[in-house]
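# Structural features, examined
So the chains spell out like this:
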Amino acid sequence: MSRISLEQANILISVAFAKAKELGLKPLTIAVLDAGGHAIALQRQDGASNHRPQIAIGKANGALALGVSSRQVEELAIKRPSFVAALGPIVPQGIIPAPGGVILVGADGAPIGAVGVTGDTSDNDEACALAGAAAAGLKPQ
């Protein structure tokens, strides 16, 4: 597999929303990006706050930009805050250093895109991203 299809992106989002409902989470926003950081799909649940799309994209895009999950970007931001802060102006879609952004890889292990989830705690966002990815047959890095 060398790309994420729209069908897979929609399955991912649907299952992630179902997981959020099961867990009783706050309204989520989910972005699925291709390997170049371009949106494949983005959905915002009713009641999600107004800048959640940018945060979801920033989690996924930041993961792609640095080649690690946004959980690891958060760890990097703690160790090297000036470096992560300096990336803001040069990464057009942003970098959000908080869990919920997961790189998705193809059979060869190369990135084919990423998912970003926001709206509840970062750990819950990440759990929903992983549940959706698994249901869509997409492997996290």
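Residues numbered from 1 in each chain as written. Predicted model: local features only at pLDDT ≥ 70, side-chain atom pairs only at ≥ 80, totals over all residues. Heavy atoms only, no water.

## Here we look at helix α2 (residues 52-66)
Helix length check: α2, at 15 residues, gives a terminal C-alpha distance of 21 Å against a target of 21 Å (1.5 Å per residue), a fit within 8%. Packed against the buried residues of α2 are β1 (29-34), β2 (39-44), α3 (70-79), β3 (101-105), β4 (111-118) and α5 (122-135). At the exit of α2 stands Gly 67, carrying a positive phi of roughly 75°. (Helix = DSSP H or I, 4+ residues; strand = E, 2+ residues; numbered from the N terminus. Expected span 1.5 Å × (residues − 1). Contact = heavy atoms within 4.5 Å.)

## Side note on the sheet that holds β3
Spatially, β2-β1-β4-β3-β5 is the arrangement adopted by the five strands of the open sheet, whose pairing is antiparallel. A strand with exactly one partner marks an edge of an open sheet, and here the two such strands are β2 and β5 (139-140). Strand contacts of helix α1 (residues 6-23): β1, β2, β3 and β4, with the helix running at about 25° to β2, the strand carrying the most contacts. Sitting on the sheet, α2 touches β1, β2, β3 and β4, and the angle it makes with β4 is about 145°. (Pairing = 2+ DSSP bridges. Axes fitted to C-alpha atoms, helices over the stretch in contact; angles between N-to-C directions.)

## A short note on the packing of α2 against α3
Think of two packed helices as two axes; the pair is described by the angle between the axes and how far apart they sit. Between α2 and α3, the least distance of the axes is 8 Å, while the angle of their chain directions is 75°. Taken together, α2 and α3 sit at an angle that is classed as roughly perpendicular. Taken together, the residues of α3 that come into contact with α2 (itself represented by Lys 59, Gly 62, Ala 63 and Leu 66) are Ser 70, Val 73 and Leu 76. A per-class count over the contact of α2 with α3 returns four nonpolar, two polar and one charged. (Parallel < 35°, antiparallel > 145°, perpendicular 65-115°, else oblique. Nonpolar A, V, L, I, M, F, W, Y, C, P; charged D, E, K, R; others polar.)

## Comments concerning the nonpolar core
Within the largest apolar cluster, 22 residues are counted, with the highest numbers of intra-cluster contacts made by Leu 12, Ile 30, Leu 104, Val 115 and Leu 138. Secondary structure elements with two or more residues in this core: α1, β1, β3, β4 and α5. Ranked by residue count, the leading element in this core is α1, at six residues. Not counting the four nearest positions on each side in its chain, Leu 104 is found in contact with Ile 4, Leu 12, Ala 110, Pro 111, Ile 112, Gly 113, Ala 114, Val 115, Ala 133, Leu 138, Lys 139 and Pro 140. (Core = buried A, V, L, I, M, F, W, Y, C linked by side-chain atoms within 4.5 Å. Buried < 20%, exposed > 50% of the residue type's maximum accessible area, 1.4 Å probe, protein only.)

## Topic: the environment of Ala 31
Note that Ala 31 resides in strand β1. Accessibility expressed as a relative area gives 0% for Ala 31, which makes it buried. Expressed as a C-alpha distance, the spacing of Ala 31 and Ala 127, which sit 96 residues apart in the sequence, is 15 Å.

## Description of the packing of aromatic side chains
Tallied over the full model, the rule gives zero aromatic pairs. A cation over an aromatic ring shows up here: Arg 80 above the ring of Phe 83, its NZ or CZ 4.5 Å from the ring centre. (Phe/Tyr/Trp six-rings, centres within 6.5 Å; stacked < 30°, edge-to-face > 60°. Lys NZ or Arg CZ within 6 Å of the ring centre and 35° of its normal.)

## Description of the pattern of salt bridges
With the rule as written, the count across this model stands at four salt bridges. With its nearest N and O atoms 3.7 Å apart, the salt bridge here joins Glu 22 to Lys 19. One end of the pair is Glu 22 and the other is Lys 19, both in helix α1 and three residues apart, which spans about a single turn. Note on Glu 22: relative accessible area 60%, which makes it exposed. Taken together, the shared-partner salt bridges in this structure form one network comprising Arg 71, Asp 123 and Glu 126. (Salt bridge = Lys/Arg side-chain N within 4 Å of Asp/Glu carboxyl O.)

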